[in-house]
Amino acid sequence: MAFDIRVAPYNSDGWGPPDSPVVPLLPRSDGSTARRRCRLPHPFAPFSRSDKLGHDSAALAAAAENDSSFRLVDGKPPPRPKFGPRWRFQQRPLLPQRRDEEVEARKREAEKERARRDRQYNLNRSSVAGGGGQGPNRRDAPTLKSSVDIQPEWTMLDQIPFSTFSKLSFSVPDPPEDLLFCGALEFYDKSFDRVNPKNDRRLERFKTRNFFEVTTTDDPVIRRFANEDKAAVFATDAILSALMCAPRSVYSWDIVIQRVGNKLFFDKRDGSQLDLLSVNETSSEVLPEAKEDINSAHSLAVEATYINQNFSQQVLLRDGNKVTFDEPNPFASEGEEIASVAYRYRRWKLDQDTYLIARCEVHSVADVRGQRGFLTLNALNEFDSKYSGVDWRQKLETQRGAVLATELKNNANKLAKWTAQALLAGADLMKLGYVSRVHPRDHFNHVILSVIGHKPKDFAAQINLNTSNMWGIVKSIVDLCMKLNEGKYVLVKDPMKPQVRIYEVPVDAFENDYMEEPLPEEEQVRPPTEDEAADTVAENRTEGEAIDVEVGAGEDDANKDASDSIA
């Protein structure tokens, strides 16, 4: 008996049993019946719905046969198209990829900046003077000249490098003593504290007010104190501040020292560099060397002095109310209109037997916290923003700190001297004005953009001005000069090196410099009026040219105007 195998239904439409009935039995040739067997194209295996179905053996076998017949031709990626000449891509240097390379690049930039800033000190004087045809033309190496011509009969006694000054320290044992007040002061106009670049004020000219720059030995009050043996050392705040801030100076300056008996007088020559305010003295940018250029060091110094004098008088309440002191102005004639200034004669004790008397200046008076306080008034001037890199009209309101930091970098010596003078005078507040040209090529007309007040002690700490070091420099110079014989000496800042030199000079040296003969009235050049200057500026603007108000004649007018004001 044979085993009967039932028919496995085949579903050609999918999985599972077919919807059609089972294939019927077919008759055989011998008369028996048999079922039709269908050959299944896929093997059958039991499964459940939770099983994961994969490839069957037949599919894998077919894939293996196809793989055996396949052969790889080329596995390289298709070439990228090259655009333009080959040198445009192959010769361009690569940017630094590693962090150490970026650090090295920053160090190199810092070294370049430091070298450019210190180049005026490190250059050899002989190479600057005679290197016109040898080597490259160094644009950043200006030829700085000495403030006084060194004569062959002068004898150099000593030279002191600035590195020695930085190590000195001396504290004055007692607070200064006020000996005398002279002059009269006007009150400060507080409305100028609200001035801003959008609400600026035009700088006025005060041609009728006289300013006095009198040296020590020409001061009648100091002569009186010297005759009364009030002290052994005499000076002014301008001379003392130049000594105290000597390590920050770049330009050359000189101080005349006279030893008379047991007394020491620190003087300045008439028309000395100390009478003018330097501009961009400590900046890395080089100013034009041509003296007739409106942006040269000398022209800017005259312009800055002129601005500073006018600013100190414009910010006052000119209503006739003044604060008078013990004595009137010792340098003014009767009926002469003078600037608002008070001279404060103060005495410091340097040691047991040495006292110093200095004439200090304050420019105004104001109510500070319910008490009357003294003010010093000074102005910073902007001549061209491309030299400083900061536009005051755009940055003063939003980035005032950046403007002050730039000025501290470019005018470190000037700001330090102003701070030292405020400390010597015992001022309660120092006002700094920001004055800019109406146009970079118009050095006649200016506007006041802002006025900011600072406390002298706080501002000295902000600019890293150490009072102990300041007095240490003065004490060392006084001790050195006290050891000299009676006679006349001159202390000169070297124009190319950070050092000062002491020369012994004849007794009659610089005597001719004090004789000043005014020009005849018909030969005097009067400065243009504001209307004439405005018309000239308008004509230049209409023609499309840069505003340049007659540089040659205009410079003489500005210099004459400022010189008359200084005298």
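Residues numbered from 1 in each chain as written. Predicted model: local features only at pLDDT ≥ 70, side-chain atom pairs only at ≥ 80, totals over all residues. Heavy atoms only, no water.

If you look the chain up in an unreviewed UniProt entry, it shows as Eukaryotic translation initiation factor 3 subunit D from Platanthera zijinensis. Checking UniProt for the chain, the heading Sequence similarities (unreviewed entry) contains the comment "Belongs to the eIF-3 subunit D family." Quoted verbatim from the Subunit (unreviewed entry) field of UniProt, the annotation for the chain is "Component of the eukaryotic translation initiation factor 3 (eIF-3) complex." (UniProt positions renumbered as here; feature names shortened; annotations may be inferred.)

Participant: Would you mind going over the confidence of the model for the chain in detail, with residue names and values included?
Facilitator: With 69% of its residues at a pLDDT of 70 or more, the chain shows a mean pLDDT of 78. Across residues 84–96, where pLDDT falls below 50, the model places 3 contacts with residues more than four positions away in sequence or in other chains. For residues 124–139, every residue scores under 50 in pLDDT, and the model assigns this stretch 9 contacts once sequence neighbours within four places are set aside. (pLDDT = per-residue confidence, 0-100. Contact = heavy atoms within 4.5 Å.)

Participant: Describe the packing of aromatic side chains, listing the residues and the values that go with them.
Facilitator: Aromatic rings in a pair are described by how distant their centres are and how their planes are angled relative to each other. This structure, assessed with the given rule, holds 13 aromatic pairs. Both rings, one in F181 and one in F374, keep their centres 5.7 Å apart while their planes meet at 25 degrees; by these two values the pair is stacked. With F181 in strand β4 (residues 177–186) and F374 in strand β13 (residues 371–382), the pair connects residues that are 193 residues apart, well separated along the chain. F374 shares its class with F181; the two are buried. With centroids separated by 5.2 Å and ring planes inclined at 80 degrees, the aromatic side chains of W392 and Y434 adopt a geometry described as edge-to-face. Remark: Y434 occurs in strand β14 (residues 429–439) and W392 occurs in helix α11 (residues 392–395); sequence separation between them is 42 residues. Each residue in the set W154, Y503 and F510 is aromatic and connected to the rest through ring pairs, giving one cluster. Over the ring of Y355 we find R347, and its NZ or CZ is 5.3 Å from the ring centre. K475 extends its terminal NZ or CZ atom over the ring of F170, reaching a point 5.6 Å from the ring centre. (Phe/Tyr/Trp six-rings, centres within 6.5 Å; stacked < 30°, edge-to-face > 60°. Helix = DSSP H or I, 4+ residues; strand = E, 2+ residues; numbered from the N terminus. Buried < 20%, exposed > 50% of the residue type's maximum accessible area, 1.4 Å probe, protein only. Lys NZ or Arg CZ within 6 Å of the ring centre and 35° of its normal.)

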